[in-house]
Amino acid sequence: MITTNKIFAIIIICLWFTVESLGQGILRGVITDSLSEKPLIGANVYLIGTSLGAAADMEGQYIVRAIPEGSYILKVSYIGYKPKEIPIQISNNSTTELNTSLSLDVIEGQEVVVTGQMMGQISAINQQRTSNTIINVVSEEKIKELADVNAAETIGRLPGVSILRSGGEANKIILRGLDSKFTNITIDGIKVPPTDATSRGVDLSMISQSSLAGIELYKALTPDKDGDALAGSVNLVTRKAPEVRKLRTDLKGGFNNLMHSANQYDFSFQYGERFFSNVLGVQLFGNLENRIRSNERINVDYGDSDTSRFDYHIENFLLEFTDEIRKREGFSIFLDFNTPDDGTIRFNNVYSKTNRNYFWSTRDYPTRGGGTFNGQTVYNHRDREQDLKTINSSIRGDNNLLGFGVSWGLSFAQSESEFPFDYGLLFVEPNGMGIAPEIKTNPAQLIPYAVNNFGNADLQWAYYRTQDNFDKERTAFIDISKDYEFGKLFSGQFKIGGKYKTKDRSNSRTEDFTPYYLGRWFTHERLPDGTFRPKDFTGTYFEDWWRGGGGTAFIADFLYNNSNSRDVYGSYALYPLIMQDRLRQWWDLNKYGVDPTGNELEVWENPLIRFDDYFVTERVSAAYLMNTLKIGQIFTLIAGLRVEREENDYASVYMTRRAQGFPPPNNVFADTTSSYSQNVLLPNFNLSFKPYEFMNLRIAVYKALSRPDFNMRIDRLTAGRPAESTSDFVVFVGNPNLKTAQAWNYEINTSFYGNEIGLISVSAYYKEIKDMYHMLNNFVSKAVRNEDGVLTDTLMRKFGINWPNLMGSTPYNLTFPYNSPEATKVWGFEFEHQINFHFLPGLLRNFVLTYNASLVRSETTLYGQETISYIDSIPIPHIVFTNILVTKKQRLEGMPDFYGNISLGYDIEGFSVRLSLFHKGKHIDSFDADGNNVRETLVFNRIDLAMKQKINDNLSFFLNINNLTNSEDGYTRVYKLWNSELFDQSEKYGLTADFGLTLEL
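Residues numbered from 1 in each chain as written. Predicted model: local features only at pLDDT ≥ 70, side-chain atom pairs only at ≥ 80, totals over all residues. Heavy atoms only, no water.

Q: Just to check I follow, could you spell out helix α6 (residues 580-590) for this structure?
A: Since the α-helix turns once every 3.6 residues, residues separated by three or four places project in the same direction. Among all positions in α6, only R582, L583, W586, W587, L589 and N590 are buried. The arc that holds every buried residue of α6, seen down its axis, measures 170°, which confines them to one face. (Buried < 20%, exposed > 50% of the residue type's maximum accessible area, 1.4 Å probe, protein only. Helix = DSSP H or I, 4+ residues; strand = E, 2+ residues; numbered from the N terminus. Arc of directions from axis to C-beta.)

Given below as structure tokens:
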């Protein structure tokens, strides 16, 4: 076994044998635009006839090391500009500085005028073509010229990326059809902490684009990057402070068509400047934002027909409306120091906070029966606030010591999600059985059968929930590199490094509930200080109800003049909408309720809610060896090995007996701990081949990994019946032996580029993932008697889960995680074309076009259930039906078959406009254990429009219209038993518009 000590021993040996070559020089400088003097990021610089060269960085700076003494011709090229060749002389042990500028390309004697959109595209093309690996880039010019709402929306325009939205706002990226948790998100190489409660996904809507100088999407990894990027890696790039003071302010207003409201704003500012002869750079960024993210939904559920289980009828017709406001605030401080060794030290601090305040209302129209409330009308209202905060702080150095390049860093990252208030009320209105007819289509037919007697819709349940999710990660790393050369045609860089990070992660939830339908409203209360007294509703909304004796509360008591209603989708009546402040006041008045004796509580604790509680300490140590070999300007070979070791400790809870009945049992939980460790070897091979000036062929073969969700490996057990359920028992268990998923990745990418064709890129990839992890949801199981007559859960035993049987012979729905028994396969193709039409005559030369398309396929092996029968001889022979575990193959969930983007821009004088289309095909959203019920998304198309008018060099006005087509997110369900694909859900969030100004000084 390769241990950490052996890894570092190898590193020391490699350093020992790496010596500095004598008689070598250094060439450095800055490449700029001849007119604007702006840096040309990604400019290609090389010495003709040698393998020596470099690409310009974010400041346009390049550096070429290990150059033998002599005379050379330096060639500088940049797509869209005329190349330049410059004679230079290199001396031993000296640094030659050469700054130069390039001029725009000339077509038919006329110089091309590069506009904002064109410059953004050209910059991205050049960064992609000079990269040693497979990468897509969003340049700073592209981000700032016609800005998207957030970083996720911008990344979603790149090939291979689809996005998830919340309230119409992009917040998660799906890279190559793989869930967001499979993509590593970093800021300048420092990992952003996960923001999800249990998985490793990151909410990118929290990150303001005002501080970004670019976005890099790595499709193929190299050994010096974290291995936990099975899908790929996104790096959000910042840059050093500018030499000339920069002040920028963006001020936006907004209109939301769904709510017919302009009560929105978005303010951001940026300041940058250098001090002390350019030694110190200071940048400040800040943003304040208030957005309406409301949405409407309709949902239809189905059940067996009254006459046949092989036919169906509509069993549930649900209308939903979410009135949501999202507020964001952020602040960043970036400091950078130019050190005497021609290096830099950067100190980055980023703080972000998002507050979600939403009021959720639903109405369930009556059907012929079925479900918990037997066909009665159900009204559900929930008032919820969420605070999500992240902090990223890091110090990073890129320095030179004794001929070696040394990159080092320390970082601290933290995220916390908590719910200051989360309270819901559920009302039920009796309708009588069999009122509505059995129907299969057009659920609106059920609306006339609603009684709408709000004075008879009584309060049945109340819930108060809390959740605190916390993540804290500390990281230290060092990378040491050495440039070398052998003659004129062979050069390269040897690089070694190590990283250590430790993460503390926790999740804690509670749920207090009151079953008011059991007559649980009490007349007294016991305060936290021990005071016992009668409740007093004087001066409250409920004073008249209280003076009338209290007891049963109705939805009419939470209304004002019959309150408001809403026509969901303009067609379906959702009413009444109760008053939000009355809901909150009800909780304040009754949360300490007790009966007159002071012995029985009005509010009970639900023990089952703790099934996802955990505390995890995760430690990952890594080391790597990497060599980059260049042969002339044609071949670049990167080869290396990365080793990662994870050592994790888990703390969670388990139940000593099942939770059932009222009141719920107390003291049913006990603490449990477990641990897990694993070593993973990650070989890596990247080849870049440039047979022509206009063509690049890249091949990548490497291994990556993905660690399971935080709640999967915990040694948990919860068993019982949810408070609102009348029949279904549930059991949640963890799998402490769950393995980390490992994937071999194979990719080939071909790109063609030039001043006329722009960039054409085609990629094909294949991933073979071993030990892919899944969750088996709601497997209908029960214990059976073994040979000794003992009731045993054989399913749990199969996976090495040895908890005692708490359910006896009672059937239950089991949920647990597992590794796929066979390799999961993902493959696909990507096409991208970026072009501007500067070579066309007249006004046609101002068009800028970018389009891409992605085709993805997958196959994974899942566990499911199949029903069989057998003879049980105890106590007398009888037939028993049970479910057995079977395997099946299908596509991965969350993976669309086809998706793509088209963006067409036009610039004339100071006016810029961009029309863009986002398309996403169908994909599986979820499935049940027996495969009878598969949920799929509908095809989604969305069109956005962005416009900007530049008044002068300092002032611009802009208007962005999002979702011009008023597109909806929709789902269907495929039912195997009924051989039908039926409508499931649709969500509408409407058209939104942003308008404002940008001021730069």
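Continuing now.
Q: It is not clear to me how the nonpolar core should be interpreted in this structure. Could you clarify?
A: Taken as a class, soluble globular proteins show a tendency for nonpolar side chains to be buried jointly. Membership of the largest hydrophobic core comes to 41 residues, with the highest contact counts inside it found for I155 and I173. Going through the elements one at a time, α4 (151-155), β12 (161-166), β13 (169-175), β14 (183-187), β16 (214-218), β17 (232-237), β40 (741-754) and β41 (758-770) are the ones with two or more residues in this core. Ranked by residues supplied to this core, first place goes to β13 with three residues. Leaving out residues up to four positions away in the same chain, I173 has contacts with A152, I155, V161, S162, I163, S180, T183, I185, L204 and V234. Judged by nonpolar contacts, the second largest core, of 33 residues, contains L608, V733, L814 and A929. (Core = buried A, V, L, I, M, F, W, Y, C linked by side-chain atoms within 4.5 Å. Contact = heavy atoms within 4.5 Å.)

Q: Before we go on, may I ask you to explain the sheet that holds strand β28 (residues 524-526) in this structure?
A: As a general point, the strands of a sheet are linked pairwise by backbone hydrogen bonds and lie either parallel or antiparallel. Taken in spatial order, the three strands line up as β29-β28-β32 in an open sheet, and their pairing is antiparallel. What marks the edges here is a single partner per strand, and that holds for β29 (532-534) and β32 (593-594). Relative to β32, β28 runs antiparallel, the two being bridged by two bridges. Note on β32: the bridge partner recorded for E525 is G593. (Pairing = 2+ DSSP bridges.)

Q: Would you mind showing me how to read the pattern of salt bridges here?
A: Any two side chains of opposite charge can pair, given that their charged atoms come close. A full pass over the atoms with the stated rule returns 74 salt bridges. Salt-bridge contacts for D228 lead to K501; the nearest nitrogen and oxygen are separated by 3.8 Å. Of this pair, D228 sits in the loop between β16 and β17 while K501 sits in strand β27 (residues 490-515), and the two are 273 residues apart along the sequence. Just as D228 is buried, K501 falls in that class too. Ionic pairing is found between D588 and K591, a salt bridge with its closest N-O pair at 3.7 Å. What makes K591 partly exposed here is its relative accessible area of 27%. Through salt bridges with shared partners, a single ionic network connects E169, K252, D266, E289, R291, R293, E324, R326, R328, R356 and D994. (Salt bridge = Lys/Arg side-chain N within 4 Å of Asp/Glu carboxyl O.)

Q: How should I be thinking about the pairing of β14 in this particular structure?
A: One face of the sheet, then the other: side chains in a regular strand alternate in exactly this way. With five of five residues buried, β14 lies mostly within the body of the structure. Bridge count between β14 and strand β15 (residues 190-191): two bridges; the pairing is antiparallel. Within the sheet, the bridge partner assigned to I187 lies in β15 and is I190. Connecting β14 to the next strand, β15, in antiparallel fashion are two residues, including D188 with a positive phi near 50°.

Q: What should I look at first to understand the confidence of the model for the protein in this one?
A: Segments scoring low in pLDDT should not have their predicted coordinates read at a detailed level. Per-chain confidence: the protein averages 90 in pLDDT, with 95% of residues scoring 70 or above. Confidence over residues 10-22 falls short of pLDDT 50; this stretch has 18 contacts with residues more than four positions distant or in other chains. (pLDDT = per-residue confidence, 0-100.)

Q: Where do I start with the packing of aromatic side chains in this structure?
A: Any two aromatic rings considered together are summarised by their centre-to-centre distance and by the angle between their planes. Taken as a whole, this structure holds 48 aromatic pairs when the rule is applied. Ring geometry for Y423 versus W587: centroids 5.0 Å apart, planes at 45°, classification tilted. Taken together, the residues Y423 in strand β25 (residues 404-429) and W587 in helix α6 connect sequence positions 164 residues apart. W587 carries the same exposure label as Y423, and that label is buried. Aromatic rings pair up to connect F427, Y516, W521, F537, F542, W545, W546, F558 and W586 into one cluster. (Phe/Tyr/Trp six-rings, centres within 6.5 Å; stacked < 30°, edge-to-face > 60°.)

Q: Is there a simple way to explain unusual backbone geometry in this structure?
A: Peptide bonds are trans in most cases, and residues, glycine excluded, mostly fall at negative phi. At the junction of Y575 and P576, the peptide bond is cis and its omega measures out at 0° in the coordinates. The backbone of N278 shows a phi angle near 70°, a positive value even though the residue is not glycine. One can find N278 in the loop between β19 (265-275) and β20 (280-292). Under the relative-accessibility criterion, N278 is labelled partly exposed at 31%. A positive phi angle is found at D771, which is not glycine, with a value near 65°. Position of D771 among the secondary structure elements: in the loop between β41 and β42 (773-781).

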